[in-house]
Amino acid sequence: MSSSLDRLKALSGKLEEKLNVKESLFDDDFAEQHAIATNVIEKNPNLQSESGVIAEDKENRSYNMQRLTMLFNELKINEKCSKFDDIFSYKAMNLAGIGLKDDDFGEVRDGKYIQIIAISYESDGDSEKKKAKNISLGYFGKGNELNISKKHSIIEFILRWRYEKGFQNLDNYKHLLEKLETASKATSANN
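Here the structure is a predicted model, which means the values were calculated and not measured.

How each quantity is defined
- Residues numbered from 1 in each chain as written.
- Predicted model: local features only at pLDDT ≥ 70, side-chain atom pairs only at ≥ 80, totals over all residues.
- Heavy atoms only, no water.
- Salt bridge = Lys/Arg side-chain N within 4 Å of Asp/Glu carboxyl O.
- Helix = DSSP H or I, 4+ residues; strand = E, 2+ residues; numbered from the N terminus.
- Buried < 20%, exposed > 50% of the residue type's maximum accessible area, 1.4 Å probe, protein only.
- Contact = heavy atoms within 4.5 Å.
- Pairing = 2+ DSSP bridges.
- Axes fitted to C-alpha atoms, helices over the stretch in contact; angles between N-to-C directions.

> Would you mind going over the pattern of salt bridges with me for this structure?
Two side chains carrying opposite charge are able to pair once their charged atoms lie near each other. Counted according to the given criterion, the structure contains five salt bridges. Across the pair Arg67 and Glu156 runs a salt bridge, and its minimum N-O distance is 2.6 Å. In this pair, Arg67 sits in helix H3 (residues 52-74) while Glu156 sits in helix H4 (residues 148-190), placing the two residues 89 residues apart along the sequence. For the pair shown, Arg67 and Glu156 are each scored as buried. The residue Arg160 makes a salt bridge to Glu156 at a minimum N-O spacing of 2.7 Å. On the criterion of helical spacing, the pair formed by Arg160 and Glu156 is a turn pair, its members being four residues apart in helix H4. Grouping residues by exposure puts Arg160 and Glu156 together as buried. Overlapping salt bridges, with partners in common, bring together Arg67, Glu156 and Arg160 in one network.

> Please clarify how the environment of Ile117 should be interpreted in this entry.
Position of Ile117 among the secondary structure elements: in strand E2 (residues 113-123). A relative accessible area of 18% means that Ile117 is categorised as buried. Ile117 sits 16 residues away from Lys133 along the chain, and the two C-alpha atoms are 9.7 Å apart. Once residues within four sequence positions are removed from consideration, Ile117 is found in contact with Ala92, Met93, Asn94, Ala96, Asn134 and Ile135.

> What should I look at first to understand the sheet that holds strand E1 (residues 92-96) in this one?
Strand pairing in a sheet is mediated by backbone hydrogen bonds. Such pairs are either parallel or antiparallel. The three strands are arranged E1-E2-E3 in an open sheet whose pairing can be described as antiparallel. Of all the strands in the sheet, just E1 and strand E3 (130-142) have a single pairing partner and so form its edges. Between one strand and the next, the sheet's axes are offset by a mean angle of 25°, whatever the strand orientation. Where E1 meets E2, five bridges bridge the pair, whose relative direction is antiparallel.

The values reported here are purely geometric and, on their own, carry no functional implication.
Here it is as structure tokens:
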């Protein structure tokens, strides 16, 4: 996770240099979305500790959420998903038309259209099976016509969403392990 975090930080630094984001983007709508994002972080009891590692994670997550919120508005994803918190209800998020693997990272695929696709799972009628549903959160036209700044913002949004989603999954596993530990202690006390 550390190397992924380092790569994300490096990418973020490069993107910020290229984008040169202006303070004027922080309008009232952004302030409201930022407040929501901050509440998501503050609700996590694991981040309340003052230990160095957890405090550092909180700082990283806080910055990540700030950037994610800004990109949510900048890329007009708020037009397809009106509430910022709702983007975390999706199980996965992919990018069509631009490579995200190490060997093709950031490369626009020839003749492809650029699109952010969120994936959710819904019940498949009466059966217990769940069916994957793709939802377009943003369509940005032909890849060869996309300016470099917009491309970087799109990639950054996907990476930051995945970064936060990864933390949320870790929080869930920590919670389940704590539950298991409590149950084990209760069983040991009864025996």
